[in-house]
Amino acid sequence: MTKKILELLPTELTNYLISIGEKEYRAKQIFNWIYNKRSSDFNEMTSLSENLRERLNSDFSFNLPIIEQKSISQDGTTKYLLSLADDAKIEMVLIPNEKKNTLCISSQVGCFRKCEFCATATLEFTRNLETYEIIAQVFLAINELKETKLTNLVFMGMGEPLDNFDNLVKAINIMQHDLCFNFSPRRITVSTSGVVPKITDLADTGLKIKLAVSLNSANQTKREELMPISKKYPLTELKKALIDFRKKASYRITLEYVMIKDFNIGKEDANALIKFMGDISCKLNLIKWNAVNGLKYEAPSGNEVERFRKLMNVQKSAVTFRRSRGEDIEAACGQLAAKNVH
Ligand code: SAH
């Protein structure tokens, strides 16, 4: 089987080149073709000798996913359904904003954390994405954007990134390398449902990224109902891991809070949340639940959303309200893939 060029760090490609008797500087040229000129065809890499091009063709492949479906929302959010080499389906979402273009990418095919409110949870967990499949999403998105710059990356698509730890870390190392996508640390966000030991491991890698945690309730009983992972890693342990993480990390942690009607947006929910936030250096991102067919929850009305925001006002400087993007194209995590499977 051929190796995947998109999962090599420059040092690894250099070692390969030396092993076949080529010059080291060829690695730089190859990375320039891939990451600057956006080429996914060794035959196009005309600054390389024909011999080397042939050799690369026989030793490596790109294996880019195929864009199977593209849905464009009225607000410009574009959702892609991608088909991988083994026919597995994943999604990525491009979210344009005034100053930034954010790409939301997947880390797994399906997810085994089974959050009750999430569309991905209705899919079977199939497998982790390989490093090159994570990188390939960014590669495809940059090609789609053409001249527009991709500014931010969030691991908020399908899957639990910290359950695919090694491939995630390798992919981020590639994304941040100056010969590759050259993403600066504060422009990559890893979002987790709260895999406590892996949050600690992530801090220990020294990798510089932003961490987001999908909290969704600061009440243990309610959080367990919503997110089974909370039975294994309760809020007390999660909080401790976040405080420790923050000591080693450069950026404040973001707590993500999906607002669900009659479930997690009452006064007592706000109080629990304020208390939870109190001890952590964090920001809070409130977002209205994006309705998913077949799930038992309901999205709150505009008034209910407003009421909860006001209840959280004591934390004003730390709270942001994220407009739900791409509602008309079912852009919430896993919705499109779910539709194609069921
Ligand atoms: N497993 C990771 C990343 C995937 S979910 C995590 O849990 O963070 C990415 C984000 O989408 C999470 O914050 C999650 O709470 C949110 N989300 C999932 N389904 C949603 C829906 N139907 N509406 C709004 N947000 C949703």
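Residues numbered from 1 in each chain as written. Predicted model: local features only at pLDDT ≥ 70, side-chain atom pairs only at ≥ 80, totals over all residues. Heavy atoms only, no water.

A. Local environment of the overall build of the protein. Check the secondary structure of the protein and you find 12 helices and 14 strands. For a compact globule of 342 residues, the expected C-alpha radius of gyration is about 20 Å, and the protein comes in at 21 Å, within 12% of that figure. Considered along the principal axes of its C-alpha atoms, the protein spans approximately 70 × 40 × 35 Å. Within the span of the protein, comprising 342 residues, buried residues form 55% of the whole. (Helix = DSSP H or I, 4+ residues; strand = E, 2+ residues; numbered from the N terminus. Rg over C-alpha atoms; globule rule 2.2 N^0.38 Å. Buried < 20%, exposed > 50% of the residue type's maximum accessible area, 1.4 Å probe, protein only.)

B. Layout of the packing of aromatic side chains. Under the criterion given, the structure shown has 10 aromatic pairs. Summarising the aromatic geometry, the rings of F112 and F125 are spaced 5.0 Å apart at their centres and angled 90° between planes, so their arrangement reads as edge-to-face. Of the two residues, F112 is situated in the loop between β7 (108-109) and β8 (127-128) and F125 in the loop between β7 and β8; the sequence distance between them amounts to 13 residues. For F112, a relative accessible area of 41% puts it in the partly exposed group. The class for F125 is partly exposed, based on a relative accessible area of 29%. Taking 6.4 Å as the distance between ring centres and 65° as the angle between the ring planes, the aromatic pair formed by F181 and F183 counts as edge-to-face. (Phe/Tyr/Trp six-rings, centres within 6.5 Å; stacked < 30°, edge-to-face > 60°.)

C. Quick look at helix α3 (residues 50-59). Within α3, the full set of buried residues consists of L52, R53, L56 and D59. All buried residues of α3 project into a common sector of 140° when viewed along the axis, lining one side. Among the exposed residues of α3, those oriented more than 90 degrees off its buried face are E50, N51 and E54. Packed against the buried residues of α3 are β1 (3-4), α1 (10-19), α2 (25-36) and β2 (60-61). (Arc of directions from axis to C-beta. Contact = heavy atoms within 4.5 Å.)

D. Region of the structure containing the domain arrangement of the protein. For the protein, the domain assignment lists domain 1 (3-61) and domain 2 (66-341). Relative placement of domain 1 and domain 2: their C-alpha centres are 34 Å apart. In this complex, domain 1 contributes 14 residues to the contact, which on the side of domain 2 involves 16 residues. Surface buried jointly by domain 1 and domain 2 totals about 1400 Å² across both partners, of which 71% is contributed by carbon and sulfur atoms. Considering only the surface of domain 1 that becomes buried against domain 2, L6, Y35 and R38 emerge as the three largest contributors, covering 44% of it. Summed over the shared surface of domain 1 and domain 2, the number is 1 salt bridge. (Domains from an automatic or database assignment. Buried area = accessible area lost by both parts, 1.4 Å probe. Salt bridge = Lys/Arg side-chain N within 4 Å of Asp/Glu carboxyl O.)

E. View of the sheet that holds strand β13 (residues 282-288). The strand order β3-β4-β5-β6-β9-β10-β11-β12-β13-β14 describes an open sheet built from 10 strands, whose pairing is mixed. The open sheet has two free edges, formed respectively by β3 (66-72) and β14 (319-322), since each of these has just one partner strand. Pairwise comparison of adjacent strand axes, ignoring direction, gives a mean angle of 20° for this sheet. Here 7 bridges tie strand β12 (residues 253-259) to β13, and the two strands are oriented parallel to one another. Looking across to β13, one finds that V258 is bridged to I287. Across the sheet, helix α4 (residues 131-145) is in contact with β3, β4 (78-83), β5 (89-96), β6 (101-104) and β9 (152-155); its angle to β5 comes to roughly 45°. (Pairing = 2+ DSSP bridges. Axes fitted to C-alpha atoms, helices over the stretch in contact; angles between N-to-C directions.)

F. How the structure looks around the site of the ligand. Around the ligand sit 21 residues, and of these G159, E160, S191, S214 and N290 come closest. Here a nitrogen atom of the ligand sits 2.9 Å away from a polar atom, N or O, in the main chain of N290. Calculation on the ligand without its partners gives an accessible area of 530 Å², and the protein chains cover 92% of this total. At the level of elements, β10 (188-192) and β12 are the ones that each hand at least two residues to the shell around the ligand. (Near = heavy atom within 4 Å. Polar contact = N/O pair within 3.5 Å; in protein donor to acceptor, adjacent residues only side chain to side chain. Areas by Shrake-Rupley, 256 points an atom, 1.4 Å probe, with all protein chains shown as cover.)

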